[in-house]
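Below, each chain spelled out in residue letters.
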Amino acid sequence: MNRLCVQGNAVIGTLAVPGLPYFLWTLEDLWKGNQRRVSCIPQGEYQAGPHSGPRFKDVWELKAVQGRSAILIHAGNTEDDTEGCILVGTGVSKGKLLNSREAVDHLRRLIGNSEFSVTIRERGMLSGENL
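Since the model is a prediction, treat every value here as computed from it, not as a measurement. (Residues numbered from 1 in each chain as written. Predicted model: local features only at pLDDT ≥ 70, side-chain atom pairs only at ≥ 80, totals over all residues. Heavy atoms only, no water.)

Draft legend 1. Local environment of the sheet that holds strand β7 (residues 86–89). One closed barrel holds the 8 strands; their spatial order is β1-β2-β3-β7-β6-β5-β4-β10, and the pairing between them is mixed. Averaged over all pairs of adjacent strands, the angle between strand axes in this sheet comes to 35°, irrespective of strand direction. Bridge count between strand β6 (residues 71–74) and β7: 2 bridges; the pairing is parallel. Each residue of the ladder has a partner; that of Ile 73, found in β7, is Ile 86. (Pairing = 2+ DSSP bridges. Helix = DSSP H or I, 4+ residues; strand = E, 2+ residues; numbered from the N terminus. Axes fitted to C-alpha atoms, helices over the stretch in contact; angles between N-to-C directions.)

Draft legend 2. Here's a closer look at the environment of Asp 105. Within the secondary structure, Asp 105 is located in helix α1 (residues 100–111). Residue class for Asp 105 comes out partly exposed when judged on its relative accessible area of 33%. Each C-alpha atom, one on Asp 105 and one on Val 59, is 9.6 Å from the other, the two residues being 46 residues apart in sequence. At a separation of 3.0 Å, a polar atom in the side chain of Asp 105 contacts the side chain of Arg 108. (Buried < 20%, exposed > 50% of the residue type's maximum accessible area, 1.4 Å probe, protein only. Polar contact = N/O pair within 3.5 Å; in protein donor to acceptor, adjacent residues only side chain to side chain.)

Draft legend 3. Layout of unusual backbone geometry. Even without glycine at this site, Arg 37 takes up a positive phi of about 70°. You can see Arg 37 is positioned in the loop between β3 (24–29) and β4 (44–51). Judged by its relative accessible area of 52%, Arg 37 is exposed. If you check the backbone angles, Ala 70 has positive phi at about 55° while not being a glycine. Note on placement: Ala 70 falls in the loop between β5 (59–63) and β6. Given the relative accessible area of 42%, Ala 70 is considered partly exposed.

Draft legend 4. Quick peek at the pairing of β4. Across 5 bridges, β4 lies against strand β10 (residues 116–122) in antiparallel orientation. Counted as the bridge partner of Gln 47 is Ser 117 from β10. Bridge count for β4 against β5 is 5 bridges, and the pairing is antiparallel. Paired with Ala 48 across the strands is Leu 62, a residue of β5.

Draft legend 5. A look at the packing of aromatic side chains. As enumerated under the stated definition, the model contains 1 aromatic pair in all. A centroid spacing of 5.2 Å and a plane angle of 70° characterise the contact between Phe 23 and Trp 25, whose relative ring orientation is edge-to-face. (Phe/Tyr/Trp six-rings, centres within 6.5 Å; stacked < 30°, edge-to-face > 60°.)

Draft legend 6. The arrangement of the nonpolar core in detail. Counting residues in each nonpolar core, the largest one holds 26 residues, and the members touching the most others are Leu 24, Trp 60, Leu 62, Ile 73, Val 88, Leu 107 and Ile 120. When residues of this core are traced back to their parent elements, those giving at least two are β4, β5, β6, β7, α1 and β10. Considering every element that reaches this core, the biggest residue donor is α1, with 4 residues. Not counting residues up to four positions away in its chain, the partners in contact with Ile 120 are Met 1, Arg 3, Ile 41, Gln 43, Gly 44, Tyr 46, Leu 62 and Ile 86. In terms of nonpolar packing, the next biggest core, distinct from the first, is built from 5 residues, Ile 12, Leu 27, Leu 87 and Leu 97 among them. (Core = buried A, V, L, I, M, F, W, Y, C linked by side-chain atoms within 4.5 Å. Contact = heavy atoms within 4.5 Å.)

Here it is, written out as structure tokens:
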């Protein structure tokens, strides 16, 4: 996953998924010191596995995030939907993700209940603090 730029109050990036002929777009909260529910997580490599809870079913949770828990990859369109998690979509326009549920459905078909690794890197020009 590559963080590319800040648009409004969100960090926009891309996620390459093996087996998917195009990348997905990502949206995260701005860096706010890794605070729970309001900040993106630090760059690094993370393991992810299946997660189902009362609110988000059949999504994925990043494990062993220092100082944090319940970091999910799930559907949503704006920074109001992130709560410190990573949102995915098939496009982005004016700082909002497009077709987010469709993107999650693609991930479900390709990844299912498998575990996988996610490497988060900064690319491009990010304003504000270095993530």
